[in-house]
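Summary of the model geometry
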Amino acid sequence: AQSVAQPEDQVNVAEGNPLTVKCTYSVSGNPYLFWYVQYPNRGLQFLLKYITGDNLVKGSYGFEAEFNKSQTSFHLKKPSALVSDSALYFCAVRDDTSQGGKLIFGQGTELSVKP
Amino acid sequence: DAGVTQSPTHLIKTRGQHVTLRCSPISGHKSVSWYQQVLGQGPQFIFQYYEKEERGRGNFPDRFSARQFPNYSSELNVNALLLGDSALYLCASSLRSLAGANVLTFGAGSRLTVL
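Conventions used here
Residues numbered from 1 in each chain as written. Chains lettered and ligands numbered in written order. Predicted model: local features only at pLDDT ≥ 70, side-chain atom pairs only at ≥ 80, totals over all residues. Heavy atoms only, no water. Helix = DSSP H or I, 4+ residues; strand = E, 2+ residues; numbered from the N terminus. Rg over C-alpha atoms; globule rule 2.2 N^0.38 Å. Contact = heavy atoms within 4.5 Å. Buried < 20%, exposed > 50% of the residue type's maximum accessible area, 1.4 Å probe, protein only. Lys, Arg positive; Asp, Glu negative; His and termini not counted. Charge placed at Lys NZ, Arg CZ, Asp CG, Glu CD. Pairing = 2+ DSSP bridges. Polar contact = N/O pair within 3.5 Å; in protein donor to acceptor, adjacent residues only side chain to side chain. Nonpolar A, V, L, I, M, F, W, Y, C, P; charged D, E, K, R; others polar. Disulfide = S-S within 2.5 Å. Axes fitted to C-alpha atoms, helices over the stretch in contact; angles between N-to-C directions.

1. Here we look at the overall build of chain A
- When helices and strands are counted, chain A shows zero helices and twelve strands.
- Put simply, chain A runs from its N terminus to its C terminus through helices and strands in the order β-β-β-β-β-β-β-β-β-β-β-β.
- For a compact globule of 115 residues, the expected C-alpha radius of gyration is about 13 Å, and chain A comes in at 14 Å, within 12% of that figure.
- C-alpha atoms of chain A, sized along the principal axes, occupy 45 × 30 × 25 Å.
- Taking contacts inside chain A between residues at least 6 apart in sequence as the whole, the part at least 24 apart equals 55%.

2. A short note on the overall build of chain B
- Helix and strand content of chain B: zero helices and eleven strands.
- Starting at the N terminus and ending at the C terminus, chain B contains elements arranged as β-β-β-β-β-β-β-β-β-β-β.
- Against the 2.2 N^0.38 benchmark of 13 Å for 115 residues, chain B shows a C-alpha radius of gyration of 13 Å, consistent with a compact globule.
- In terms of overall dimensions, chain B has C-alpha extents of about 40 × 30 × 25 Å along its principal axes.
- Residue burial in chain B is summarised as follows: out of 115 residues, 52% are buried.
- For chain B, long-range pairs separated by at least 24 residues make up 53% of all intrachain contacts whose partners lie at least 6 apart in sequence.
- If you average the places of the 11 positive and of the 7 negative side-chain charges in chain B, the two averages end up 4 Å apart.

3. So, unusual backbone geometry
Residue and element names in this part refer to chain B.
- A cis amide bond links serine 7 to the next residue, proline 8, at an omega of -10°.
- Positionally, proline 8 belongs in the loop between β1 (5–7) and β2 (10–13).
- Positive phi values are uncommon outside glycine, yet glutamate 51 reaches one of about 50°.
- For glutamate 51, a relative accessible area of 29% gives the class partly exposed.

4. Some thoughts on the pairing of strand β8 (residues 64–68) of chain A
All names here are of chain A.
- Here strand β7 (residues 56–58) pairs with β8 via three bridges, running antiparallel. Note on β8: the bridge partner recorded for lysine 58 is glutamate 64.
- Between the end of β7 and the start of β8, which pair antiparallel, lie five residues, with tyrosine 61 showing a positive phi angle near 55°.
- In terms of strand pairing, β8 meets strand β9 (residues 73–78) through five bridges, oriented antiparallel. Each bridged residue has a counterpart across the sheet, and for glutamate 66 the counterpart in β9 is histidine 75.
- What sits between the antiparallel neighbours β8 and β9 is a turn of four residues, in which threonine 72 has the positive phi angle 45°.

5. Quick look at the interface of chain A and chain B
- Taken residue by residue, the interface counts 21 residues in chain A and 23 residues in chain B.
- Counting every contact that joins chain A to chain B gives three residue pairs in polar contact (both at pLDDT 80 or more).
- Only β5 (33–38), β6 (44–50), β10 (87–95) and β11 (102–105) of chain A provide two or more residues apiece to the side of chain A that touches chain B.
- For the side of chain A that touches chain B, the per-class residue count stands at nine nonpolar, seven polar and five charged.

6. Quick word on the state of the cysteines
Residue and element names in this part refer to chain A.
- Counted under the stated rule, the structure contains two disulfides over all chains.
- Sulfur-sulfur distance for the disulfide between cysteine 23 and cysteine 91 comes to 2.0 Å. Between cysteine 23 and cysteine 91, the disulfide has an S-S torsion of -60° and is therefore left-handed. Of the two residues, cysteine 23 is situated in the loop between β3 (19–21) and β4 (24–26) and cysteine 91 in strand β10; the sequence distance between them amounts to 68 residues. Like cysteine 23, the residue cysteine 91 is buried in the burial classification.

7. Quick notes on the sheet that holds strand β3 (residues 19–24) of chain B
Residues and elements named next belong to chain B.
- One open sheet accounts for four strands, arranged β1-β3-β8-β7; its pairing is antiparallel. One side of each edge strand has no neighbouring strand; the edge strands of this open sheet are β1 and β7 (64–68). For this sheet, the mean angle separating the axes of adjacent strands, direction not counted, is 15°.
- Pairing of β1 with β3 involves three bridges; the strand directions are antiparallel. Its bridge partner lying in β3, serine 7 is registered against arginine 22.

Written out as structure tokens, the structure reads:
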């Protein structure tokens with residue numbers, strides 16, 4: 001079965017420092033991976049996706065993610081964190097075993113960026 | 001352009017009651033998906049509809065049902081509410097069925113509290 005895991009419930013970073021939010025995946029076949037962000041009392045906003053091609057994917061708001069097939073990871077990164085990046089981040093994998101497909105989400109990682 | 005709109009934004013029900021949640025997809029999007037997000041967890045897939053036909057169903061009891069209308073809007077119905085149904089219900093739309101590189105765009109959600 002397709003799954004993703006986010007091993008850290010919370011990540012704390014100082015403003016201006018680089019940040020990493022970790023995600024590992026388990027899929028049969030080629031993985032289609034996504035990162036979404038959720039601000040308080042809001043829906044999920046799409047950040048970036050990996051379908052195929054370059055292992056370094058660039059997304060919205062300066063975020064990027066590195067796909068590593070050998071480590072089955074898809075970590076979210078940003079070179080310099082902002083206080084406004086504080087939010088809940090979800091990694092997801094698309095499950096094509098059912099008709100139409102669906103996203104399977106991780107448990108989420110709360111990112112806190114302090115000034 | 002309007003994004004995915006959901007109504008109501010908040011509602012309180014008592015156990016045993018019925019609830020209807022509504023979703024309007026982005027103009028031109030023909031696929032609508034529903035997800036349940038319990039506090040502290042990642043979203044879980046409930047249903048996907050494409051061109052008014054059910055294309056996927058998650059592991060939810062028959063108390064949960066949905067439909068898609070000719071204008072591609074959708075309703076999620078939950079009967080005989082239980083305390084455990086308290087959650088944020090997210091609607092998402094995409095251009096087509098979730099195959100290929102299609103990305104889900106989420107609404108802000110309907111927060112249901114069951115007392």
